[in-house]
Structures are given as C-alpha cells and as structure tokens.
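Structural description and commentary
Here's the letter readout for the chains.
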Amino acid sequence: MQQHSDAALRALGFDPSDPASVAARRSEILAMEEHAAAMIAGGTALQLRAHAAAYDFAHALDVADGCAESAMHVRSIADEVALVVKVTSGVAQGQLALALKTHDDFPALVVALDENVATPAQVHKLVEVGFKVNHDDPAEQAERRALFVDVMLERIRQEPLPPRALQKAAERVAEELTGESIDQRHARARRQRRTSVEDLGDGMSILRVTTDSFVAHAIHDRVRKQALAIIKARPKPGAVLHGGSEAADETVSPGTRSAFGAAVDAAVDDTRATDEADDGRATGLAAEAVEAVEELDERSLNEVMSDVVADMLLTSDPMGNSAAAGIQANVQLSIPITTALTKTPKAGQAPALLDGMTPMPIEDAKRLAATAPAFIRVLTHPITGAVQAVDSYKPTAAMRAFLHARDVHCRFIGCRQPAVNCELDHTEDYQYGGKTAIWNLSDFCKNHHIVKHHTAWKVRQLGGGILEWTTPSGKIYISRPEPHGVIFRPTEELLRPGVNVTSNPPAQDFEHGATPARGTALPRGAQATPATPASPATPKIPKNPEPRPPARPPF
C-alpha cells in the first residue's frame, strides 16, 4: 500500500484524516470536471455551427456558379477546414455536411450542447439514431424528429446515460416514431455495404466488412466452428515422433507459419520443395517433424479465427459471379537491401514498408519477397535519402516509377492515398507550356487532382519534389517527399579529434549493398541504406543496369 509523507499530504490539498477536508477536496475536483465538461460541450456547439456555416457558404457559391452537383467550392473549403482541424479532406467534408444537417434538423440538440444538458458523445448518438425517424411528408418528418429529441433530452435529464446505453434507448423511441418499415431502411442501408482497412501499427491492421447482419453472424459462426475444429485436431506432444514421415507431412506446426495464412505459406513451401533432391526428401521431412514437436500450435481461438478468414479470402474465388474468379491480391512492398540481407532483425534497422508507408515485420516481408517474380531497384541519395533513379528503359514507365517511389502517396497536405492509386499531374499545365518532366510532375489522388484544377488552390514546385500549396484564403503549406530510410551510425573514428568529416569515406564505411551517389561526401563511419521495393508486376531488369539520373537533379 502506498504511503504518503507529511509533505506529500500537504501537497494533496486536503487532510485524509479530516472528513470535512476530504469532502471539500472532492467537491472542488467535481466542480473542475463540470466546468471542463461545459467548456467541451460549448466548444463542440461552436464548431458545429462553424462547420454548418462553412458548408452553407460553399454550397451557395456552387449554386451561383452552376456546379452544385460537382460541389467544387464545398470540396475546396473542406480541404482548407481539414488543415485547420487536422483531419483528412474526406472526413472534413463529411463533418461539414453532417453539421449542416444536424443544425437544420436537430436544432434543439445544438442548444442542449450550449447548455451542457448533453455531452458531444450523447448528441452524436442521438443524431445518428434520429436520422432513422423518416416520413414521406417533410413537415410530418420534422415534427416527429423534434418529438424524438424532446423525449430523449428529457430522458437524459432524468438519467445520465452513457452513449451506448442512450443509443439503445433512442433506437426504441425512433422505431415507434418513424414512418418507414425496417425493410425499407434495410434496403437503403444495404447500399452502404463496403470493406475498409485501418492500420494499427506494429505490422497489424483491421479489416472491416459492412454487410447484412445475418450474413455477418453466419460468417462469424462458421469461422468459429472451423477454428475449433482446427484446435481439436492439433497433434499431441510426441505424436509426430511415432508417426514417421507420413505423420510429419500432416503435422507441420501452424505455429511456425507466418500471419499471412496458407496462401502465402503454400507458395513459399512450393518454391522450397522444388529445390530439394528426391533422395533427401525423407530426411527433410523428418527434420520438419522434430521441429513441429518443439513448436506446437499454441494459437488462441481468436488467432485461429483470424487466420481462417485470411486463408479463405486469399485462396477462394467468389461463388456469386465468375467474373471475379482467379483474381490475386497484389501489394507494394519496399525493403532496404541491407535489411533484407540481415539474418536477424535489429532495433533501429530501416523497416520494410507496405505501400511505402506502413512498417511491417522483416521476416514476413522476406517471405513475401521470396515469391515476387521481379523487383524494381531504387537508388537513393546516401545523405538525404531522396530517390535518384529507378531501373526502367521505357521513359514514361521510368518517370512514373520514379515519381511513385519519390511521392509514396498523394502530395496534397495530409492526404495518404498510396501513389499507385494516384494520377500524375503537371504542376504547370501542359496546355499552357508545362513540360512533361520529373520537376513538373507529382502524384495526386483523383479528388485532390480535381480540386487543384477547378478551385482556387495553387501549387508550386520548389525543387527536390518539395511542393508549396497556397489555400484559397492565402495560407501556405509545404509538402515534402517521404524519407526513404537512410541510416547513420557514427563510429568511434568519427568522434576522434581532428577527423575531417567532409572527406570521402572508403567503400567499406558503407553498409553492404549501399551505393553513394557520384560527387557526394559522407562522414566517415556513416552508413547509407537504399530502399528496394518489391513489385510482383514489373518487367525483368537487365543485369547491372546503369542508373539514369533524373531530368532535373536537385535531389
């Protein structure tokens, strides 16, 4: 139990042995919490009104310009609001539209925020459920939604329900007030079916699938049953040793496999199998059997269920439509060559990157690279890490590969759409004399490409792939290319007095596989790592090609 000294007790601001002092301090803390909650609620109400005003303002400009359908002014102001509130452009546009709808359809909830009757989380849930109250007559719909809000605010005043409990209560009230049947609402909701991926870090992501409730529950039930069957069929310790080579073939431990499931593991195993001599096959299988005993499958039920889903999605073809049969998954993987050549991953090593942005485990990256039919070699500057050249002999393809490797993602401020899904844009329009050259090209996602050409946003190339963005209101933002993982490791020699740090280092001061650019100087002992992205859909590269310099090199 933690003990407090007399000085520490005085610093707490109350005397634990004095009930009146304890009660006074408790009241003071709760008053601070109430004041903070009121400030947060009031700030949320103010931001909601600002978002609604922004959307209303931009929509009026779109109507005046006759472009209400494309909503160019709405997109433009949403992009600028996104930079102010630090969210993506898509999120900002959705927030602006939702704020206007909330302000118009549920004005009492905005007042409730101002008065701290409801928290921002409670209002969010009530708006979400309140949109389910519909009617063919707009006037009747407005009355029913107002009644819904009155009922729920009275419920909040009576009982401080947390958001989840409030949502359940609100859904029952909305069901009684809505003029739409559940079938009509379900038909509309089904049009929102989708899948999405959210990266969590540490090489993990969440795959979300929005589908019919009964389908989701059926999938979960089947996956759970399959996972239980796999766990039940696990070999017992010692069973493999007595089962001979046939048992060894059937009991290779799933626990020794990667997180990618059987689809990737099978491809790697097939490659390994072709290299084994027929007369050595029995010996190899026996060794695998002994290893399987040492590393039995100890995955939990949730882990097995996750791997089963991955196996089924990666190895099965859709049953509903043959047009999607045979389609394989593709990912862009970037692995620094020195990292790929390292047997044991070390802390501080340049990581393998998925789509040039998301770090992933080196061993899993190596397993994927083992099945890649071809590679693109990327030569990076040994000091800045900027891309110097890529291997390709078709000029257009080389420029595109260069820009994808340099930009990594859409170059609009804050946007992270992968460059492979982007469009190349001429900073200076081609129709007005702009050149099709590296220094005049950059990657934009389709949305920001349209915004750049059809609104008052301006962009200027500053050299080295650095872009200067000017918003319609005159603010300036700088977008710089992503670094490509150069690593510096100073040695003891570098720290000695009198060492000339600007002299050219000998070749052995670079990590194996690194290639310094001509005319550059590195401090002795510094090590540079070039990135080597693996691509499953690139042409075969000739042996020892000469890297071509960029069209305009300030890199």
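Source: prediction; values computed, not measured.

Cut-offs and rules
Residues numbered from 1 in each chain as written. Predicted model: local features only at pLDDT ≥ 70, side-chain atom pairs only at ≥ 80, totals over all residues. Heavy atoms only, no water. Helix = DSSP H or I, 4+ residues; strand = E, 2+ residues; numbered from the N terminus. Buried < 20%, exposed > 50% of the residue type's maximum accessible area, 1.4 Å probe, protein only. Areas by Shrake-Rupley, 256 points an atom, 1.4 Å probe, with all protein chains shown as cover. Phe/Tyr/Trp six-rings, centres within 6.5 Å; stacked < 30°, edge-to-face > 60°. Salt bridge = Lys/Arg side-chain N within 4 Å of Asp/Glu carboxyl O. Patch = residues over 30% accessible without salt bridge, like charges linked within 9 Å, V, L, I, M, F, W, Y side chains within 5 Å. Core = buried A, V, L, I, M, F, W, Y, C linked by side-chain atoms within 4.5 Å. Contact = heavy atoms within 4.5 Å. pLDDT = per-residue confidence, 0-100. Pairing = 2+ DSSP bridges. Axes fitted to C-alpha atoms, helices over the stretch in contact; angles between N-to-C directions. Disulfide = S-S within 2.5 Å. Parallel < 35°, antiparallel > 145°, perpendicular 65-115°, else oblique. Left-handed = near helix turned anticlockwise from the far one by under 90°. Nonpolar A, V, L, I, M, F, W, Y, C, P; charged D, E, K, R; others polar.

What follows deals with the overall build of the protein chain. Helix and strand counts for the protein chain stand at 18 helices and 13 strands. Taken across its 555 residues, the protein chain has 33% of its residues classed as buried. Of the roughly 33400 Å² that the protein chain leaves accessible, carbon and sulfur atoms contribute 56%.

Moving on, we get to the packing of aromatic side chains. On inspection of all chains with the given rule, the structure shows five aromatic pairs. Taking the centre distance of 5.0 Å and the plane angle of 70 degrees together, the rings of F412 and W469 count as edge-to-face. Remark: W469 occurs in strand β11 (residues 466-470) and F412 occurs in the loop between α17 (395-407) and β8 (423-426); sequence separation between them is 57 residues. For W469, a relative accessible area of 0% corresponds to the buried category. Ring geometry for W457 against W469: centres 6.2 Å apart, planes inclined by 75 degrees, an arrangement best described as edge-to-face. Of this pair, W457 sits in the loop between α18 (446-454) and β10 (458-463) while W469 sits in strand β11; the two residues are 12 residues apart in sequence, bridging distant segments of the chain. Under the relative-accessibility criterion, W457 is labelled buried at 1%. Put simply, the rings of F412, F444, W457 and W469 touch in pairs and so form one group of aromatic residues.

Of note, A71 is a non-glycine position whose phi angle comes to about 55 degrees, a positive value. Under the relative-accessibility criterion, A71 is labelled buried at 15%.

If you walk through the whole model with that rule in mind, you get 18 salt bridges. For R406, the salt bridge is made with D407, and the minimal N-O distance between the two is 2.8 Å. Its relative accessible area of 3% is what places R406 among the buried residues. Residue classification places D407 among the buried positions, given a relative accessible area of 0%.

Before going further, it helps to spend a moment on a nonpolar patch on the surface. A surface patch of nonpolar side chains, about 410 Å² in accessible area, is lined by V197, L207, V209 and L313. Relative to the elements of secondary structure, L207 occurs in strand β2 (residues 204-210).

This part is about the nonpolar core. Residues L109, L126, F148 and M152 are the most contacted members of the largest nonpolar core, which totals 29 residues. Elements supplying a minimum of two residues to this core: α2 (19-65), α4 (89-105), α5 (107-114), α6 (120-130), α7 (138-158) and α8 (163-177). Here this core gets six residues from one element, more than from any other, and that element is α8.

Glancing now at the environment of M305. Of note, M305 is situated in helix α14 (residues 301-315). Residue classification places M305 among the buried positions, given a relative accessible area of 9%. M305 sits 75 residues away from I230 along the chain, and the two C-alpha atoms are 9.6 Å apart. The residues contacting M305, other than those within four sequence positions of it, are H220, V223, R224 and A227.

Before going further, it helps to spend a moment on the confidence of the model for the protein chain. Predicted coordinates in regions of low pLDDT should not be interpreted in detail. On average, residues of the protein chain score 75 in pLDDT, and 66% of them reach the 70 mark or higher. pLDDT under 50 marks residues 243-256. Its contacts with residues more than four places away, or in other chains, come to 19 contacts. In this model residues 391-395 is a low-confidence stretch, pLDDT under 50, and it forms 10 contacts with partners more than four residues away in sequence or in other chains.

Side-chain positions along a regular strand alternate between the two faces of the sheet. The pairing of β10 with β11 spans five bridges and is classified as antiparallel. In the sheet register, V459 faces β11, and the bridge partner there is W469. As consecutive antiparallel partners, β10 and β11 are separated by two residues, and within that stretch G464 has a phi angle of approximately 65 degrees, a positive value. Relative to strand β12 (residues 476-479), β11 runs antiparallel, the two being bridged by four bridges. Each residue of the ladder has a partner; that of E468, found in β12, is I478.

It is worth spelling out the sheet that holds β10 at this point. With respect to topology, three strands assemble into an open sheet ordered β10-β11-β12, the strand pairing being antiparallel. The two strands at the open ends of the sheet, each matched to only one other strand, are β10 and β12. Across the sheet, the mean angle separating the axes of adjacent strands is 25 degrees when strand polarity is ignored.

Between two cysteines, a covalent bond joining their sulfur atoms is known as a disulfide. Tallied over the entire structure, the rule returns zero disulfides. This cysteine, C415, is not joined by any disulfide, and C410 carries the nearest cysteine sulfur, 3.7 Å off. Judged by its relative accessible area of 10%, C415 falls in the buried class. In this structure C422 is a free cysteine whose sulfur lies 4.9 Å from that of C410, the closest cysteine sulfur available.

With that out of the way, let us pick up the packing of α2 against helix α3 (residues 72-85). Look at α2 against α3: their axes get within 7 Å of each other, and the N-to-C directions meet at 150 degrees. By the angle between their directions, the pair α2 and α3 is classed as roughly antiparallel. Seen from above, α2 lies across α3 with right-handed handedness. Touching Q47, H51, A54, Y55, F57, A58, H59, L61, D62 and D65 of α2 are M72, H73, V74, I77, V81 and V85, all from α3. Considered class by class, the residues forming the contact of α2 with α3 number 10 nonpolar, four polar and two charged.

Where α3 contacts α18, the axes come no closer than 10 Å and their chain directions differ by 105 degrees. With respect to each other, α3 and α18 are oriented roughly perpendicular. On α18, the residues that touch M72, R75 and D79 of α3 are N447, H448, I450, V451 and H454. Residue composition of the contact of α3 with α18, grouped by class: three nonpolar, three polar and two charged.

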